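Each chain, letter by letter, is given below.
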Amino acid sequence: MTEIPTNCLFNKGKTGCGGTELAINQKGHTIIAVPFVNLAKNKEIINERRKHKVLAVHGEVGNDDIIDYANSHETIKILVVYDSLPRLINLLSELGYNVYREFFLLVDEYHILFNHYSFRHKPIKKLLELSGNFERATYMSATPIERDFILDELKHLPTVIVK
């Protein structure tokens, strides 16, 4: 594969197979939403020496850091924790980007949305609301969820499975 399929629930089949790496290396601006700060930090460190410099956005990263990164990179590749997605979208919009049209959104570990919905309801509901505005968005996981348990906001999406 050279690109992540878009506008679907993407079951990549197994963990550690390079789904996030593929999203980072594909063409165009990319936002990868992840559930945990440590996951964002680890992916940022792993990709320091790769083709695209990746910025991890979470509560410890200031707005100026995001603005500096966006202004100094031709192709933007950002890992953002679910909770920080609204702030990131607002900042990129203020910089003149049409975020919903110009960026591909990959929601990584989307099974966490279901697992954490009851106790992280507000940030997950906001993520689902915002992700629905993207022209190109994919929800990726290696943990399959039965169709009956997929969140209502995602049930309209087809499932793509790597075999």
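Since the model is a prediction, treat every value here as computed from it, not as a measurement. (Residues numbered from 1 in each chain as written. Predicted model: local features only at pLDDT ≥ 70, side-chain atom pairs only at ≥ 80, totals over all residues. Heavy atoms only, no water.)

1. Some thoughts on the overall build of the chain
Of the regular secondary structure elements, the chain holds 7 helices and 7 strands. Along the chain, helices (α) and strands (β) appear in the sequence β-α-β-α-β-α-β-α-α-β-α-α-β-β when read from the amino end. Counting all 163 residues of the chain, 48% fall into the buried class. Within the chain, counting contacts between residues at least 6 apart in sequence, those at least 24 apart form 72% of the total. Surface accessibility of the chain: about 8400 Å² in total, with carbon and sulfur atoms responsible for 49%. (Helix = DSSP H or I, 4+ residues; strand = E, 2+ residues; numbered from the N terminus. Buried < 20%, exposed > 50% of the residue type's maximum accessible area, 1.4 Å probe, protein only. Contact = heavy atoms within 4.5 Å. Areas by Shrake-Rupley, 256 points an atom, 1.4 Å probe, with all protein chains shown as cover.)

2. Some details on helix 7 (residues 121-131)
Here helix 7 has its buried residues at Ile124, Leu127, Leu128, Leu130 and Ser131. Looking straight down helix 7, one finds that the buried residues subtend no more than 170° of arc, so they occupy a single side. Those residues of helix 7 that are buried lie in contact with strand 2 (29-34), helix 4 (85-94), helix 5 (99-102), strand 5 (103-108), helix 6 (111-116) and strand 6 (136-141). (Arc of directions from axis to C-beta.)

3. As for empty space enclosed by the protein
If you walk through the whole model with that rule in mind, you get 1 cavity of 30 Å³ or more. Volume-wise, the largest cavity comes out at about 30 Å³. As for the largest cavity, its lining consists of Tyr110, Leu113, Phe114, Ile145, Phe149, Ile150, Leu151 and Leu154. (1 Å grid on protein atoms, 1.4 Å probe; cavity = no way out; pocket = protein on both sides within 12 Å on 5 of 7 lines; lining within 4 Å. Points joined across faces, edges and corners; volume = space filled by probe spheres on them.)

4. Overview of the pairing of strand 5
Counting buried residues along strand 5, 6 of its 6 residues qualify, which places the element largely inside the surrounding structure. Burial along strand 5 is two-sided: Phe103, Leu105 and Val107 and Phe104, Leu106 and Asp108, pointing in opposite directions, are all buried.

5. What about the sheet that holds strand 5?
Ordered in space as 3-4-2-5-6-1-7, the 7 strands form an open sheet in which the pairing is parallel. Of all the strands in the sheet, just strand 3 (55-57) and strand 7 (159-161) have a single pairing partner and so form its edges. The mean angle between the axes of side-by-side strands here comes to 25°, regardless of whether they run parallel or antiparallel. Looking at chain direction, strand 3 and strand 4 (residues 77-81) are connected through 3 bridges and run parallel. The partner of Ala56 across the bridge, within strand 4, is Leu79. (Pairing = 2+ DSSP bridges. Axes fitted to C-alpha atoms, helices over the stretch in contact; angles between N-to-C directions.)

6. Some details on the nonpolar core
In this structure, Ile31, Leu92, Leu113 and Leu154 are the most contacted members of the largest nonpolar core, which totals 39 residues. At 5 residues, the largest contribution of residues to this core is made by helix 4. In contact with Leu113, not counting residues within four places along its chain, are Tyr82, Val107, Ile124, Leu127, Leu128, Tyr139, Leu151 and Leu154. (Core = buried A, V, L, I, M, F, W, Y, C linked by side-chain atoms within 4.5 Å.)

7. Notes on the packing of helix 4 against helix 7
Two numbers describe how helix 4 lies on helix 7: the axes approach to 9 Å, and their chain directions differ by 35°. Residues Leu85, Pro86 and Ile89 of helix 4 lie in contact with helix 7, whose contacting residues are Lys126, Leu127 and Leu130. In terms of residue class, the contact of helix 4 with helix 7 is built from 5 nonpolar, no polar and 1 charged. (Nonpolar A, V, L, I, M, F, W, Y, C, P; charged D, E, K, R; others polar.)

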